[in-house]
Amino acid sequence: MQYLSTRGHPERKRFCAILLEGLAPDGGLYLPEHYPQVSSETLARWRGLAYADLAFEILSLYIDDIPAADLRALCHKTYTAQVFGTAQIVPLKKLGDAIYLEALSNGPTLAFKDMAMQLLGNLFEYELARRGEELNILGATSGDTGSAAEYAMRGKKGVRVFMTSPAGRMSPFQQAQMFSLMDENIHNIAVDGVFDDCQDMVKAVSNDLEFKRRYKIGTVNSINWARLLAQVVYYFAGYFQATSKDSEKVSFAVPSGNFGNVCAGHVARMMGLPIAQLVVATNENDVLDEFFRTGVYRVRGSADTHETSSPSMDISKASNFERFVFDLLGRDGAQCKALFEGALGSSGQFDLSADPRFAQAATRYGFKSGNSTHSQRLQTIRCTFAEHGVLLDPHTADGLKVAREHLQPGVPMVVLETALPIKFAATIVQALGREPERPPQFAGIEALPKRVLSMQADAEAVKAYIAKNCPQPCM
Ligand SMILES: *Cc1c(COP(=O)(O)O)cnc(C)c1O
């Protein structure tokens, strides 16, 4: 399998070449040259597989530069009941007749990002050892991504993580999760500033090409193709649990921010998984809902980006969205470049409402959308708890609220649970007047010793810190 850029660059690369890279050289995102097709015979064969074996089958359609036995071992090392809490890894829970909740949040950091990041950690360690290289991951987080990255990379050989976060702005639980890690290769940096300051520091370091090369600086952000690929697996696993035969269709509702999660659903659907609708749920930051309703994609400024009670969906632009638009435009890289570099660069928006292909987002690709507000989020949490005794996190509540608006007779709707409520306890208390349940392994986590360095919002300071903690510059 070869990978290409959404902006038309002529070069083609294989999986391991793009694994440790971010953007393509022309600023585009990597996608496979084609989507392998899964026949109904293959679906029938996959139906009975354990999650790790299913992951291997799907990954091996996209990865041909890791020996099969090694890839299978990596899948089995990643998707264990010990790490993800159950043998099914992503069990479905029924919420009434036609609605299911797919549990993606029982990994080490209690959010769905573990599903991909745990595999990424093992893939990185494998590939770096094979090359005899090291990697210093530099990131900025306001919560879920940073902790998922740290729990995936802790103790891994050849990898160090330098994670910046805005001091005092994550929930106490999220801070405790990250800062209690004592692994030598994990470095928490609390920045005196907001999330944008952290991101600016990371950008400034990455723009220093000499430093970046000398210290092998890399990232783990959601545009990484390997993360997206890992997420494709749980659409298949959810489908098999919600159906009994392979002619049935299922819809998925996905709490969305950067469009990584639902883009994996798009890939699964393009492979031939019988998905009726892909329902994109946003919060008050409705960039994506606006596009699917109107055809206008309008990036927000930071003044127009709301801080909400489903904070992991507070985005001003959706970094993976370009992948879907590339497919929508019939994979025309030049046109994709004109939209994402040209129009977005000059006016911060583009408008496909007059393009006949825009209608295909719904008709041909199955996309639907909706949004949810703070009071609707609280209402959904309350009603779901009252009716089903199930406690939702605020992001999953947004997903369920929008899912209900798109139910079709005879088609099960699977809502992806993207986090557990304990991560966002303050909102649960607001909705129900009580604290959410805490998984036993997290008892008293806030009282554990913390390992975190305070720093001004200064890129030179973070460079000096990396240099000091990277024994020999990794040439
Ligand atoms: C990251 C995240 C999302 C958004 O996922 P995208 O892939 O960015 O669309 C939703 N909910 C939670 C809890 C998250 O951590």
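Anything mentioned here points back to the structure above.
Since the model is a prediction, treat every value here as computed from it, not as a measurement. All chains use their own residue numbering, which begins from 1 and follows the written sequence. Only residues with pLDDT of at least 70 get local features here, since the model is predicted, and only at 80 or more are side-chain atom pairs given and counted; chain-wide, interface and lining totals rely on the full set of residues. The side-chain quantities take in all heavy atoms of the structure and omit both hydrogens and water.

Mind laying out the overall build of the protein chain, listing which residues take part and the relevant values?
Helical segments are the DSSP runs of H or I of at least four residues, strand segments are the runs of E of at least two, and each set is numbered from the N terminus. Helices and strands together make up the secondary structure of the protein chain, namely 20 helices and 15 strands. Taken along the three principal axes of its C-alpha coordinates, the protein chain extends 60 × 55 × 50 Å. With a 1.4 Å probe rolled over the protein chains alone, any residue whose accessible area is under 20% of its type maximum counts as buried; one over 50% counts as exposed, and the rest are partly exposed. Evaluated residue by residue, the protein chain yields a buried proportion of 59% over its 475 residues.

Mind laying out the nonpolar core, listing which residues take part and the relevant values?
Looking at soluble globular proteins, one finds that nonpolar side chains tend to be buried together. Counting residues in hydrophobic clusters, the biggest one holds 114 residues, and the most contacted among them are Tyr235, Phe236, Phe259 and Phe321. The element that contributes the greatest number of residues to this core is helix H11 (residues 225-242), accounting for 14 residues. We call two residues contacting when some pair of their heavy atoms lies within 4.5 Å. With near-sequence residues (within four places) excluded, Phe321 lies in contact with Asn258, Phe259, Leu288, Phe291, Phe292, Tyr297, Phe340 and Phe350. Counting residues in hydrophobic clusters, the runner-up holds 19 residues, among them Leu378, Ile381, Met413 and Ile428. What makes a nonpolar core is a set of buried Ala, Val, Leu, Ile, Met, Phe, Trp, Tyr and Cys residues whose side-chain atoms join them at distances within 4.5 Å.

Tell me about the environment of Cys263, residues and numbers included.
Along the polypeptide, Cys263 turns up in helix H12 (residues 260-270). Placed 240 residues apart in sequence, Cys263 and Leu23 show a C-alpha to C-alpha distance of 17 Å.

Any details on the packing of aromatic side chains? Residues and values, ideally.
Any two rings among Phe, Tyr and Trp, with Trp reduced to its six-membered ring, count as a pair given centres within 6.5 Å; such a pair is stacked if its planes are under 30 degrees apart, edge-to-face if over 60, and tilted if neither. Under the criterion given, the structure shown has 29 aromatic pairs. Each ring, one from Phe291 and one from Phe358, has its centre 5.3 Å from the other, and the planes form 80 degrees; the classification is edge-to-face. Of the two residues, Phe291 is situated in helix H13 (residues 287-294) and Phe358 in the loop between strand E12 (349-351) and helix H16 (360-363); the sequence distance between them amounts to 67 residues. The exposure classification of Phe291 matches that of Phe358, with both residues buried. Seen in terms of ring centroids, Tyr297 and Phe340 are 6.2 Å apart; in terms of plane orientation they differ by 45 degrees. Their pairing is tilted. One end of the pair, Tyr297, is in strand E11 (residues 296-298); the other, Phe340, is in helix H15 (residues 333-347), and 43 residues separate them in sequence. When sorted by exposure, Tyr297 lands in the same class as Phe340, which is buried. Each member of the aromatic cluster is reached from another via a ring pair, and the members are Phe259, Phe291, Phe292, Tyr297, Phe321, Phe324, Phe340, Phe350, Phe358, Tyr365 and Phe367. A positively charged side chain is recorded as over a ring if its NZ (Lys) or CZ (Arg) lies within 6 Å of the ring centre. The angle to the ring normal must also be within 35 degrees. The ring of Phe211 carries Lys463 above its face, with NZ or CZ at 5.8 Å from the centroid.

Describe empty space enclosed by the protein, and please don't skip the residues or the numbers.
Site definitions follow a grid-based scheme: protein atoms alone, a 1 Å grid, a 1.4 Å probe that fits but cannot get out for cavities, and for pockets an open set with protein on both sides within 12 Å along at least five of seven lines, plus lining residues having an atom within 4 Å of a point. Grid points are joined across faces, edges and corners, and a volume is the space filled by probe spheres set on the points. One pass over the structure, following the stated rule, counts two cavities of 30 Å³ or more. Within this model, the largest cavity holds a volume of roughly 60 Å³. Taken together, Phe15, Ile18, Leu19, Glu21, Gly22, Tyr30, Ile223, Asn224, Trp225, Ala226 and Arg323 make up the lining of the largest cavity. At the level of elements, helix H1 (15-19) and H11 are the ones that each hand at least two residues to the lining of the largest cavity. Throughout, the ten residues Ala, Val, Leu, Ile, Met, Phe, Trp, Tyr, Cys and Pro are labelled nonpolar, Asp, Glu, Lys and Arg are labelled charged, and all others, Gly among them, are labelled polar. Partitioned by chemical class, the residues of the lining of the largest cavity number seven nonpolar, two polar and two charged. Its volume calculated, the second largest cavity comes out at about 30 Å³. Considering the residues around the second largest cavity, the lining is formed by Ser5, His9, Glu11, Lys13, Ala24, Pro25 and Tyr30. Tallied by class, the residues present in the lining of the second largest cavity amount to three nonpolar, two polar and two charged.

Report on the site of the ligand, specifying residues and quantitative values.
Definition of nearness: a residue and a molecule or strand are near each other if at least one heavy atom of the residue lies within 4 Å of the molecule or strand. Around the ligand, the surrounding shell holds 15 residues, and the nearest of these are Lys113, Asp144, Gly257, Asn258 and Asn261. Between an oxygen atom of the ligand and a main-chain N or O atom of Gly260, the distance comes to 3.2 Å. Each polar contact in these results corresponds to two N or O atoms within 3.5 Å; when the atoms are within protein, one needs to be able to donate a hydrogen and the other to accept it, and residues that are neighboring in sequence are counted only if both atoms are side-chain atoms. With respect to the ligand, the side chain of Thr418 contributes an N or O atom lying 3.0 Å from a nitrogen atom. Note on areas: Shrake-Rupley with a 1.4 Å probe; residue coverage comes only from the protein chains shown. When the ligand is considered free in solution it has 390 Å² of accessible area, and contact with the protein chains removes 96% of it. The residue makeup of the shell around the ligand, split by class, is five nonpolar, eight polar and two charged.

A description of the pattern of salt bridges should follow, citing residues and the corresponding values.
By definition, a salt bridge exists where a carboxyl oxygen of Asp or Glu is found within 4 Å of a side-chain nitrogen of Lys or Arg. Per the stated rule, a full pass over the model turns up 31 salt bridges. When the shortest N-O distance is used, the salt bridge between Glu134 and Arg160 registers 3.4 Å. Note that Glu134 is positioned in the loop between helix H6 (113-131) and strand E5 (135-140) and Arg160 in strand E6 (residues 159-166), a separation of 26 residues in sequence. Judged by relative accessible area, Arg160 falls into the buried class, the value being 13%. A salt bridge links Asp286 to Arg300; its shortest N-O distance comes to 2.7 Å. Taken together, the residues Asp286 in the loop between strand E10 (275-282) and H13 and Arg300 in the loop between E11 and helix H14 (321-328) connect sequence positions 14 residues apart. Note on Asp286: relative accessible area 17%, which makes it buried. Sharing partners across several salt bridges, the network here consists of Asp286, Asp289, Glu290, Arg293, Arg298 and Arg300.

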